[in-house]
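Coordinates in review
The lines below spell out each chain.
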Amino acid sequence: TSHVYSMYEHASRWSKILEEEDLWEEKKQNVRAFLSDKLFCKETNFFYDQWFMNNTANAPLVFEGLWPFIVGAVSSDQAKNIVDQYLRVSDHFFTEHPVPLVSFSDGCFTGDNWQGGVRNSMTLWVAMGCIKYNYPGLASNLLEKALDATSSHFEKTGKIFEFYPSSSDCLKSKQLRKPYEDYLGHN
């Protein structure tokens with residue numbers, strides 16, 4: 001849904017540049033309203049997939065809930081809440097190597113691959129959302145921490161990995177799947 005919003009936003013902007021009738025602005029606003037009205041939980045100040053909205057107590061705090069923020073589809077109040085409650089908090093997404101795909105505090109977090117591993121491309125996306133909502137300092141902090149952590153791993157191994165652990169505690173786990181080496185797709 002967030003990606004559809006982004007598509008409409010770009011199409012609307014292009015229509016204005018090309019001086020054509022803007023057929024996209026209304027669609028973009030409808031998607032924004034759907035995100036805010038149907039996928040945003042006011043109790044947790046986070047976005048969830050629709051099937052979790054009837055029971056957000058069991059909904060995971062995962063990267064996907066940040067997409068509305070990333071694409072610029074949230075209100076400034078929602079953005080502030082996401083930043084203050086999740087992106088600046090080490091128990092959630094501001095980990096040693098930010099941004100894990102599952103919040104550090106979530107019961108689904110294992111630190112492995114898609115259950116809490118970090119892909120630098122995702123951190124870049126979140127930083128871009130921070131820029132959209134005028135949090136350049138946070139964007140800089142997220143990127144600097146990610147680059148420092150990546151550099152540290154590279155100094156030790158000489159490799160770029162598919163994903164990285166979000167904390168040094170994750171490295172101690174024997175349960176982690178070894179990430180693919182020299183995998184640049186996400187990093």
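A few points on the structure.

Rules used throughout
- Within each chain, residue numbers correspond to sequence positions counted from 1 in written order.
- For a predicted model such as this one, the threshold for reporting local features is a pLDDT of at least 70, and the threshold for listing and counting side-chain atom pairs is 80 or more; totals across whole chains, interfaces and linings nevertheless cover every residue.
- Hydrogens and water are ignored here; the side-chain numbers use all heavy atoms of the structure.
- In this analysis an axis means a line fitted to C-alpha atoms, helices contributing only their contacting stretch, and an angle means the value between N-to-C directions, from 0 to 180 degrees.
- The numbering of helices and of strands both runs from the N terminus, where a helix is a DSSP run of H or I of at least 4 residues and a strand a run of E of at least 2.
- Any angle between 65 and 115 degrees counts as roughly perpendicular, while under 35 counts as roughly parallel, over 145 as roughly antiparallel, and the rest as oblique.
- Handedness of a helix crossing follows the sense of rotation of the near helix relative to the far helix, less than a right angle counterclockwise being left-handed and clockwise being right-handed.
- Here, residues are in contact when the closest pair of their heavy atoms is within 4.5 Å.
- One less than the residue count of a helix, multiplied by 1.5 Å, gives the span that helix is expected to have.
- Each aromatic pair joins two rings of Phe, Tyr and Trp (for Trp, the six-membered one) with centres within 6.5 Å, and gets the label stacked for planes under 30 degrees apart, edge-to-face for over 60, and tilted for any other angle.
- Categorising residues by exposure relies on relative accessible area from a 1.4 Å probe, with only protein chains included: less than 20% of the type maximum marks a residue as buried, more than 50% marks it as exposed, and the intermediate range marks it as partly exposed.
- Amino acids are sorted into nonpolar (Ala, Val, Leu, Ile, Met, Phe, Trp, Tyr, Cys and Pro), charged (Asp, Glu, Lys and Arg) and polar (every other residue, Gly among them).
- To form a nonpolar core, buried Ala, Val, Leu, Ile, Met, Phe, Trp, Tyr and Cys residues must be joined to one another through side-chain atoms within 4.5 Å.
- Salt-bridge detection follows one rule: a side-chain nitrogen of Lys or Arg within 4 Å of a carboxyl oxygen of Asp or Glu.

1. Observations concerning the packing of helix α1 (residues 2-17) against helix α2 (residues 25-38)
Running from N to C, α1 and α2 point in directions that differ by 155 degrees, and their axes come no closer than 8 Å. As far as their axial angle goes, α2 and α1 are roughly antiparallel. The chirality of how α1 crosses α2 is left-handed. On the side of α1, the interface is formed by Ser2, Val4, Tyr5, Tyr8, Glu9, Ser12 and Lys16, while α2 contributes Glu25, Lys27, Lys28, Val31, Arg32 and Leu35.

2. Focus on α1
End to end, α1 covers 23 Å across 16 residues, agreeing with the expected 22 Å (1.5 Å per residue, within 8%). Looking at the buried residues of α1, the elements they touch are α2 and α3 (67-71). Of the residues one or two after α1, Glu19 is the one with positive phi, at around 55 degrees.

3. A closer look at the packing of aromatic side chains
Tallying each qualifying case throughout the model produces eleven aromatic pairs. Each ring, one from Phe46 and one from Tyr86, has its centre 4.8 Å from the other, and the planes form 55 degrees; the classification is tilted. Taken together, the residues span a long stretch of sequence, with Phe46 in strand β2 (residues 46-47) and Tyr86 in helix α4 (residues 76-87) at a distance of 40 residues. Exposure class is identical for Phe46 and Tyr86. Each is buried. Both rings, one in Phe46 and one in Phe93, keep their centres 6.3 Å apart while their planes meet at 10 degrees; by these two values the pair is stacked. Remark: Phe93 occurs in the loop between α4 and α5 (120-132) and Phe46 occurs in strand β2; sequence separation between them is 47 residues. Each member of the pair, Phe46 as well as Phe93, is classed as buried.

4. Describing the packing of α5 against helix α6 (residues 136-157)
Where α5 meets α6, the closest approach of the two axes is 7 Å, and the angle between their N-to-C directions is 165 degrees. Here α5 lies roughly antiparallel to α6, going by the angle between them. As for the relative orientation of α5 and α6, their crossing is left-handed in sense. Contacts between α5 and α6 involve Asn120, Thr123, Leu124, Val126, Ala127, Cys130 and Ile131 on the former and, on the latter, Pro136, Leu138, Ala139, Leu142, Leu143, Ala146 and Thr150. Among the residues forming the contact of α5 with α6, the class breakdown is eleven nonpolar, three polar and no charged.

5. Describing the nonpolar core
Ranked by size, the top nonpolar core spans 38 residues in total, and within it Phe63, Leu66, Phe69, Leu87, Val126, Cys130 and Leu138 carry the most contacts. Going through the elements one at a time, α1, α2, β1 (40-41), β2, α3, α4, α5 and α6 are the ones with two or more residues in this core. Per element, the largest residue contribution to this core is five residues, and it comes from α4. Residues in contact with Leu138, not counting those within four places in the same chain, are Val83, Leu87, Arg88, Phe94 and Cys130.

6. Some points on the side chain of Ser103
Tracing the backbone through its elements, the reader meets Ser103 in the loop between α4 and α5. Not counting residues up to four positions away in its chain, the partners in contact with Ser103 are Leu61, Asp91, His92, Phe93 and Phe109.

7. Examining the pattern of salt bridges
Inspection of every chain in the model, using the stated rule, returns seven salt bridges. For Glu25, the salt bridge is made with Lys16, and the minimal N-O distance between the two is 3.7 Å. For Lys16, a relative accessible area of 51% gives the class exposed. Close ionic contact of Lys28 with Glu25 constitutes a salt bridge, the shortest N to O distance being 3.3 Å. With Lys28 and Glu25 both in helix α2 and three residues apart, the pair spans about one turn of that helix. For Lys28, a relative accessible area of 11% corresponds to the buried category.

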